[in-house]
Amino acid sequence: MRVLNFNPGPAALPLPALERARDELLDFAGTGMSVMEHSHRGKDYDAVHTEAILLMRELYGVPDSHEVLFMTGGASQQFAQVPLSFLKPGESADYVVTGAWSQKAFQEGERTARFVGASVRVAADTGVGEGKARSYTRAAGPGEIEADPNAAYLHFTTNETIHGVQFGIDPRRPFPSSKAPLVVDMSSDFLWRKLDVSAFDLVYAGAQKNLGPSGVTLVIASKAFVARGREDLPKILQYRTNASERSLYNTPPTFAIYLVRNVLAWVKSVGGLEEIERLNREKAALLYDCLDRSPEFFRCPVAKDSRSVMNVVFRLPTEALEADLVARAKASGMVGIKGHRSVGGLRVSLYNAIPLDAVEALVALLQAFAKQHG
Ligand code: PMP
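Since the structure is predicted, the reported quantities are computational estimates derived from the model, not experimental observations.

Participant: How would you sum up empty space enclosed by the protein? Please name residues and give values.
Facilitator: If a probe the size of a water molecule is rolled over the atoms, the empty space left behind becomes visible. Taken as a whole and judged by the stated rule, the model has 3 cavities of 30 Å³ or more. Taken as a whole, the largest cavity holds about 50 Å³ of empty space. For the largest cavity, the full set of lining residues is Ala12, Leu13, Pro14, Lys209, Asn210, Leu211, Val263, Trp266, Val267, Tyr351, Asn352 and Ala353. Each of domain 1 (16-269) and domain 2 (271-373) accounts for three or more of the residues forming the lining of the largest cavity. For the second largest cavity, the calculated volume is near 40 Å³. Taken together, Tyr60, Thr158, Ile169, Met186, Asp189, Trp192, Arg193 and Leu195 make up the full set of residues lining the second largest cavity. For the lining of the second largest cavity, the per-class residue count stands at 5 nonpolar, 1 polar and 2 charged.

Here it is, written out as structure tokens:
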């Protein structure tokens, strides 16, 4: 029996996408073998690869000015590959820090910049407190950043998976004071709504939340920005290699890309990103309303205008009650609601594959739990 899976990532995948994989596993498209066993240069796999790219272009409306790339190494590799490619000696890049992941991106940027003979700087940091106790409860406002007019790029993270902090971004220009190219980590809120991704110069996202299994990383990057990347790097570390070879320079993670294809086909079949966004907003509103109705029992640390639609973070009056709720949920077939070990508390991830009735079931459990213990 399948559980209601609120994991933060790897996360629940749409059932139809998994069923399709199950049905095609041993004999893909009548070829007598699984898609995993096909050559990445053969026409059968190529059809899947091409379809995945075209579906991504169609759903997001990605124009010809931008590449859609499949890469590996997760978002973590992008933390290094971005500065390696786009920071020349003596240059500097700006980072907006709004939680654990953008902080990690900055730290890796620092290491890489040192290696390159360049530098990175924090353009805004919304954290409060020091060291391990530093907490993040809000996104940065558009006027809040101190932009370096000469920055090689400006990096930010649209959704902080651990802290539950999300930008309500205006993609046309989220930070008016910066003129730098925009590089965005969208790992945990990629594809949750209609968005003009071409407003950004480079978007990256590990697939394992809204898009598919781990093992493949989506990159959408402007051709002009890719062309600006350093040309003296090993080929495998240059974005232009992936771009010119349609992400087939070396053997790509074919099965992961196949599953991304299945997930994208599912998104299209349910009505595309407008419908996905409507559902996501409804799910998040249902859960936040439930929490807000019992403020003496549930506490959401995140500022209202920065509350994540994807990762809902909250606390109960005691850690013992939190552990009790996790156990109660598990006994009711709901898993994945424990907060990240670095921050504690509870975190419910409401990615695209989570159906409304799963959230309704969780809300019923939360209400009963609050009534019993509140
Ligand atoms: N950025 C964000 C926002 C994330 O949520 C994660 C993973 N949870 C990462 C980066 C790191 O991704 P990966 O494990 O794919 O390297």
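Participant: Explain the packing of helix 8 (residues 272-293) against helix 10 (residues 356-373) to me, using residue names and the numbers behind them.
Facilitator: Packing of helix 8 against helix 10 leaves a shortest axis separation of 10 Å and a crossing angle of 5°. As summarised for this structure, helix 8 and helix 10 are arranged roughly parallel, according to the angle between their axes. Residues Leu279, Glu282, Lys283, Leu286, Leu287, Cys290, Leu291 and Arg293 of helix 8 touch helix 10, and the partners they reach there are Leu356, Val359, Glu360, Leu362, Val363, Leu366 and Gln367. Here the residues of the contact of helix 8 with helix 10 sort into 10 nonpolar, 1 polar and 4 charged.

Participant: Can you lay out unusual backbone geometry for me, pointing to particular residues and giving the numbers?
Facilitator: The peptide bond linking Gly9 to Pro10 adopts the cis configuration, its omega dihedral lying at -5°. Within the element layout of this structure, Pro10 appears in the loop between strand 1 (4-5) and helix 1 (15-24). Phi is positive for Arg246, close to 55°, though the residue is something other than glycine. Tracing the sequence through the fold places Arg246 in the loop between helix 6 (239-244) and helix 7 (254-269).

Participant: Help me get a handle on the site of the ligand, residues and values and all.
Facilitator: Residues in contact with the ligand amount to 13 residues; listed here are only the nearest, Ser76, Thr161, Asp185, Gln208 and Lys209. A distance of 3.2 Å separates an oxygen atom of the ligand from a polar backbone atom of Ala75. Notes on the ligand: free accessible area 400 Å², of which the protein chains cover 85%. Among the elements that make up the shell around the ligand, the one with the highest residue count is helix 3 (residues 74-86) (4 residues).

Participant: Outline the nonpolar core, supporting the account with residue identities and numerical values.
Facilitator: One finds Met56, Tyr60, Phe190 and Ile220 to be the most contacted residues of the largest nonpolar core, which totals 56 residues. Top element by residues in this core is helix 7. It accounts for 9 residues. Formed jointly, this core draws a minimum of three residues from each of two domains, domain 1 (16-269) and domain 2 (271-373). If we ignore the near neighbours within four places in the chain, the residues touching Met56 are Gly61, Val62, Val68, Phe190, Leu191, Leu211, Leu218, Ile220 and Leu264. Formed by 36 residues, the second largest nonpolar core is a distinct cluster that contains Ala11, Trp192, Leu291 and Cys300.

Participant: Before we move on, can you summarise the packing of aromatic side chains with the specific residues and values?
Facilitator: Counted by the stated rule, this structure contains 16 aromatic pairs. Between Phe28 and Tyr258, the ring centres sit 5.9 Å apart and the planes meet at 90°, which makes this aromatic pair edge-to-face. Of the two residues, Phe28 sits in the loop between helix 1 and helix 2 (43-60) while Tyr258 sits in helix 7, which places them 230 residues apart along the sequence.

Participant: Summarise the domain arrangement of the protein chain; cite the residues concerned and give the values.
Facilitator: Along its sequence, the protein chain is organised into domain 1 (16-269) and domain 2 (271-373). Its C-alpha centre places domain 1 at a distance of 27 Å from the equivalent point of domain 2. Taken residue by residue, the interface counts 25 residues in domain 1 and 26 residues in domain 2. Approximately 2,100 Å² of surface area, both sides summed, lies buried where domain 1 meets domain 2, with 57% of it carried by carbon and sulfur atoms. When the area that domain 1 buries against domain 2 is broken down by residue, the three leading residues are Ile162, Gln166 and Trp192, summing to 29%. Our enumeration of links across domain 1 and domain 2 arrives at 0 salt bridges. Linking domain 1 with domain 2 are 15 residue pairs in polar contact (both at pLDDT 80 or more), by the criterion used here. Those elements that provide at least two residues to the side of domain 1 that touches domain 2 are helix 2, strand 6 (159-160), strand 7 (165-166) and helix 7. Its residues placed into classes, the side of domain 1 that touches domain 2 shows 9 nonpolar, 9 polar and 7 charged.

Participant: Any details on the sheet that holds strand 9 (residues 202-206)? Residues and values, ideally.
Facilitator: The 7 strands lie next to each other as 2-10-9-8-5-3-4, forming an open sheet whose pairing is mixed. Whereas interior strands pair on both sides, the edge strands pair on one side only; in this sheet they are strand 2 (66-71) and strand 4 (119-125). The average angle at which neighbouring strand axes cross in this sheet is 20°, direction not considered. The pairing of strand 3 (residues 92-97) with strand 5 (residues 154-157) spans 2 bridges and is parallel. For Asp94, the partnering residue across the bridge sits in strand 5 and is Leu154. Along the sheet, helix 2 makes contact with strand 2 and strand 10 (217-222), crossing strand 2 at roughly 135°. Packed on one face of the sheet, helix 3 meets strand 2, strand 3, strand 8 (182-185), strand 9 and strand 10 and runs near 155° to strand 9.

Cut-offs used in this document
- Residues numbered from 1 in each chain as written.
- Predicted model: local features only at pLDDT ≥ 70, side-chain atom pairs only at ≥ 80, totals over all residues.
- Heavy atoms only, no water.
- 1 Å grid on protein atoms, 1.4 Å probe; cavity = no way out; pocket = protein on both sides within 12 Å on 5 of 7 lines; lining within 4 Å.
- Points joined across faces, edges and corners; volume = space filled by probe spheres on them.
- Domains from an automatic or database assignment.
- Nonpolar A, V, L, I, M, F, W, Y, C, P; charged D, E, K, R; others polar.
- Axes fitted to C-alpha atoms, helices over the stretch in contact; angles between N-to-C directions.
- Helix = DSSP H or I, 4+ residues; strand = E, 2+ residues; numbered from the N terminus.
- Parallel < 35°, antiparallel > 145°, perpendicular 65-115°, else oblique.
- Contact = heavy atoms within 4.5 Å.
- Near = heavy atom within 4 Å.
- Polar contact = N/O pair within 3.5 Å; in protein donor to acceptor, adjacent residues only side chain to side chain.
- Areas by Shrake-Rupley, 256 points an atom, 1.4 Å probe, with all protein chains shown as cover.
- Core = buried A, V, L, I, M, F, W, Y, C linked by side-chain atoms within 4.5 Å.
- Buried < 20%, exposed > 50% of the residue type's maximum accessible area, 1.4 Å probe, protein only.
- Phe/Tyr/Trp six-rings, centres within 6.5 Å; stacked < 30°, edge-to-face > 60°.
- Buried area = accessible area lost by both parts, 1.4 Å probe.
- Salt bridge = Lys/Arg side-chain N within 4 Å of Asp/Glu carboxyl O.
- Pairing = 2+ DSSP bridges.

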